[in-house]
Amino acid sequence: CAGGGSTAGGGGDDKVITVGFAQTGSESGWRSANTESMKTAFSEANGFNLVFNAADNKPEAQIAAVRSFINQGVDAIVLAPIVTDGWDDVLKEAKDANIPVILEDRTVSASEDLYASWVGLDFEKEGETAGKWVADNFGKTPTNLVVLEGTTGSSAATDRATGFNDAIKGTDITVLDSQTGNFTRAEGKTVMEGFLQKYGSQINLLFAHNDDMGLGALDAIKAAGLKPGTDIKIVTIDAVKDGMTALADGEFNYIVECNPLLGEKVAEVVKKVVAGESVDKQYIVEDQAFDQEQAKAALPDRKY
Ligand code: GYE
């Protein structure tokens, strides 16, 4: 692994680039689509040798995976950090070993000079878009809300909460409860069951930080004899196929998109960084939002 600079032969296009990708795990439909997009972009046909690791959403396991990529002497590391904090040491080790790190999806709190670039989404804006819709539609009548948060300490959960809470400030909406469901269907269901036991039909509205937790909550709501989308209105983030189907079927009320198809952009950035070319510190991919009618129209062409 020649430290930095251009490789012999100039173009460098014919040299296979070995990339270690530290994925969070496989918690959601969004994650499956993201993993697939990354594997397609980092294929052999595109000049890559991909070493893939999924850490089952355990931060220590993900740090160990990055450390093992450093020991293997990969050409670049791509990291989808489970949580924001705790990356300083291992990112310094990568830097000392002259291995560039590119973040995808979520980001870290470590100093910017410890990574080359971040390809991600504006999570705060996603939360704000969800909150604005809630405020516009329910903000003027007393409305009780519960929240299913994403993984505690992840930038996706932290920033979505910030954007959402800012947008509902000063409205008649009361947050009855807010707990993590770790971005999974199973935990979304369990936590929603708890909310229903505690608050029953007082709950008017659910905001879930992703589709999967909202989909898990559907089971709990139906089991409690309530009608999702009617008795309890549901707002989520991601817009994966199953979420969009629930929206088109009237069981969800609004979804803010979060685009998981980041692979191509990440691969382009990795190629540039390895070739010693300059890249931006961050690339933010645009998202849209859907109501029930828009979901019906968009569903047939949905890629994920
Ligand atoms: O919304 C959720 C996934 O970090 C944007 O993680 C990602 C989030 C996504 O598990 O479904």
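This section reports on the structure supplied with the text. Computed from a predicted model, the values in this text were never measured in an experiment.

**So, helix H6 (residues 185-199)**
Here H6 is 15 residues long and its end C-alpha atoms lie 21 Å apart, about the 21 Å a rise of 1.5 Å per residue gives. Those residues of H6 that fall on the buried side of the exposure criterion are Gly188, Val191, Met192, Phe195, Leu196 and Tyr199. The arc enclosing the buried residues of H6, seen along the axis, measures out at 145°, which places them on a common side. In H6, those exposed residues whose orientation departs by more than 90 degrees from the buried face are Ala186, Gln197 and Lys198.

**Focus: the packing of aromatic side chains**
Summed over all chains, the structure comprises five aromatic pairs. Joined through ring pairs, the aromatic side chains of Trp133, Phe138 and Tyr254 make up one cluster. Taking the ring centre of Phe52 as reference, the NZ or CZ of Lys39 above it sits at 4.2 Å. The residue whose ring lies beneath Lys281 is Tyr115, and the NZ or CZ to ring-centre distance is 5.3 Å.

**Examining the site of the ligand**
Around the ligand, the structure places 13 residues, and the nearest of them are Glu27, Asp105, Arg106, Asn210 and Asp238. A distance of 2.8 Å is found between an oxygen atom of the ligand and a side-chain nitrogen or oxygen belonging to Asp105. Contact between the ligand and Asn210: an oxygen atom at 2.9 Å from a side-chain N or O atom of the residue. In isolation the ligand exposes 300 Å². Once the protein is present, 100% of that is buried. The cavity that encloses the ligand is the largest cavity. Those elements giving two or more residues to the shell around the ligand turn out to be helix H1 (29-41) and helix H5 (155-168).

**Thoughts on unusual backbone geometry**
Although it is not a glycine, Asp238 adopts a positive phi angle of roughly 130°. Here Ala239, not a glycine, exhibits a phi torsion of approximately 70°, which is positive. Mapped onto the elements of the fold, Ala239 is located in the loop between strand S9 (233-238) and helix H8 (241-248).

**Considerations on the sheet that holds strand S6 (residues 143-149)**
Spatially, S7-S6-S8-S9-S10-S12 is the arrangement adopted by the six strands of the open sheet, whose pairing is mixed. The open sheet is flanked by strand S7 (173-180) and strand S12 (289-291), the only strands paired with a single partner. Sheet twist, expressed as the average angle between the axes of neighbouring strands with direction ignored, equals 15°. The sheet strands contacting H8 are strand S10 (254-257) and S12, and the helix crosses S10 at an angle near 150°.

The rules we used
- Residues numbered from 1 in each chain as written.
- Predicted model: local features only at pLDDT ≥ 70, side-chain atom pairs only at ≥ 80, totals over all residues.
- Heavy atoms only, no water.
- Helix = DSSP H or I, 4+ residues; strand = E, 2+ residues; numbered from the N terminus.
- Expected span 1.5 Å × (residues − 1).
- Buried < 20%, exposed > 50% of the residue type's maximum accessible area, 1.4 Å probe, protein only.
- Arc of directions from axis to C-beta.
- Phe/Tyr/Trp six-rings, centres within 6.5 Å; stacked < 30°, edge-to-face > 60°.
- Lys NZ or Arg CZ within 6 Å of the ring centre and 35° of its normal.
- Near = heavy atom within 4 Å.
- Polar contact = N/O pair within 3.5 Å; in protein donor to acceptor, adjacent residues only side chain to side chain.
- Areas by Shrake-Rupley, 256 points an atom, 1.4 Å probe, with all protein chains shown as cover.
- 1 Å grid on protein atoms, 1.4 Å probe; cavity = no way out; pocket = protein on both sides within 12 Å on 5 of 7 lines; lining within 4 Å.
- Sits in = over half its atoms within 2 Å of the grid points.
- Pairing = 2+ DSSP bridges.
- Axes fitted to C-alpha atoms, helices over the stretch in contact; angles between N-to-C directions.
- Contact = heavy atoms within 4.5 Å.

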